[in-house]
Amino acid sequence: MQWTLVVPLKPLARAKSRLSDTAADRLRPGLALAFAQDTVAAALACPAVKDVAVVTDDALAGRELGALGAHIVPDEPGGGLNAALAHAAAVVRASRPDSAVAALNADLPALRPLELARVLDSAAKFPRAFLPDAAAIGTTLLSAAPGHELRPTFGTDSRARHRESGAMELDLDEVDSVRQDVDTGEDLRAALALGVGPRTAAAAARLLIKGQ
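None of these values were measured; they are calculated from a predicted model. (Residues numbered from 1 in each chain as written. Predicted model: local features only at pLDDT ≥ 70, side-chain atom pairs only at ≥ 80, totals over all residues. Heavy atoms only, no water.)

Caption draft 1: Up close: the sheet that holds strand β6 (residues 139-144). Strand order in the open sheet formed by seven strands is β3-β2-β1-β4-β6-β5-β7, and the pairing between neighbours is mixed. The sheet is open, and its two edges are formed by β3 (71-73) and β7 (168-169), each paired on a single side. When strand β1 (residues 3-8) meets strand β4 (residues 100-104), the two strands line up parallel, connected through four bridges. Opposite V6, over in β4, you have A103 as the bridge partner. Across the sheet, helix α3 (residues 81-95) is in contact with β1, β2 (49-55), β3, β4 and β6; its angle to β1 comes to roughly 150°. (Pairing = 2+ DSSP bridges. Helix = DSSP H or I, 4+ residues; strand = E, 2+ residues; numbered from the N terminus. Contact = heavy atoms within 4.5 Å. Axes fitted to C-alpha atoms, helices over the stretch in contact; angles between N-to-C directions.)

Spelled out as structure tokens, the structure:
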């Protein structure tokens, strides 16, 4: 099964506020963009991925991620994360009704294509499925097979809410790169230990230089 991934990205100026203990205000937009670039590049290199649609209203992010090969979907509802994902999934299926669609976080800078393929191959067995994040509280990926709505409920305690919605929780080993999203300085250190993509590595290096 080939998947279309829907990746939500808020305006960079408002992104990653919980990294304030690690990165100054002026550095966080660049980090958020680097995370998204490495996430999208890895997703596009995944053999199970047909294409990637990024839903964002940030002009810079749209240009940079579009240059990598992602389709850019404007966040027309402006109603938050779940509304943006539902809108992007609807846009994808307006032209390809039988698409398998999965929502993927934009802050997975250590993402490895083959690990993502394992997750998507497992998700293909179920109408809807999700992968919990490394903290086992949130969600990094939510899938919907052809003929099924995505029905995202991201946000606080999304692991429990996606489970309650009827989505199958995927219990997989050795897919740490798909679980490790980055919200805090501790998350960033964990991602760096896994091995991040080149853009995040460069941004993190600048962060360390600034901190000296």
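Caption draft 2: Spotlight on the pattern of salt bridges. Evaluated as defined, the whole model comprises five salt bridges. The residue R96 makes a salt bridge to D51 at a minimum N-O spacing of 3.0 Å. With R96 in the loop between α3 and β4 and D51 in strand β2, this residue pair connects regions lying 45 residues apart in the sequence. Using a relative accessible area of 27% as the deciding quantity, one classes R96 as partly exposed. Judged by relative accessible area, D51 falls into the buried class, the value being 10%. For R159, the salt bridge goes to E169, with nearest N and O atoms at 2.6 Å. Pair noted here: R159 is in helix α5 (residues 158-164) and E169 is in strand β7, with a separation of ten residues, a long-range link. According to the relative accessible area criterion, R159 is partly exposed, its value standing at 22%. Bridged by salt links that share partners, the residues R159, R163 and E169 form one connected network. (Salt bridge = Lys/Arg side-chain N within 4 Å of Asp/Glu carboxyl O. Buried < 20%, exposed > 50% of the residue type's maximum accessible area, 1.4 Å probe, protein only.)

Caption draft 3: Region of interest: the pairing of β1. Within β1, six of the six residues are buried, which leaves the element mostly enclosed by the surrounding structure. Side chains W3, L5 and V7 of β1 all project onto a buried face; the interleaved residues T4, V6 and P8 project onto the opposite face, where all are buried too.

Caption draft 4: Fine view of the environment of V175. Mapped onto the elements, V175 comes out in the loop between β7 and α6 (176-179). Separated by 64 residues in sequence, V175 and L111 place their C-alpha atoms 9.0 Å apart. Ignoring any residue separated from it by four or fewer positions in sequence, one finds V175 in contact with E115, R118, V119 and L131.

Caption draft 5: Local environment of helix α2 (residues 59-68). Residues of α2 that are buried include every one of A61, G62 and L65, and no others. The buried residues of α2 occupy an angular sector of 100° when projected down its axis, which confines them to one face. Facing away from the buried surface of α2 by more than 90 degrees, the exposed residues are A59, R63 and A67. Contacts made by the buried residues of α2 are with α1 (28-44), β2 and β3. Structurally, the start of α2 carries an N-cap: the backbone nitrogen of L60 is 3.1 Å from a side-chain oxygen of D58. Following α2 by one or two positions, G69 adopts a phi angle in the positive range, close to 115°. (Arc of directions from axis to C-beta. Polar contact = N/O pair within 3.5 Å; in protein donor to acceptor, adjacent residues only side chain to side chain.)

None of the figures reported here should be taken as evidence of function without further support.
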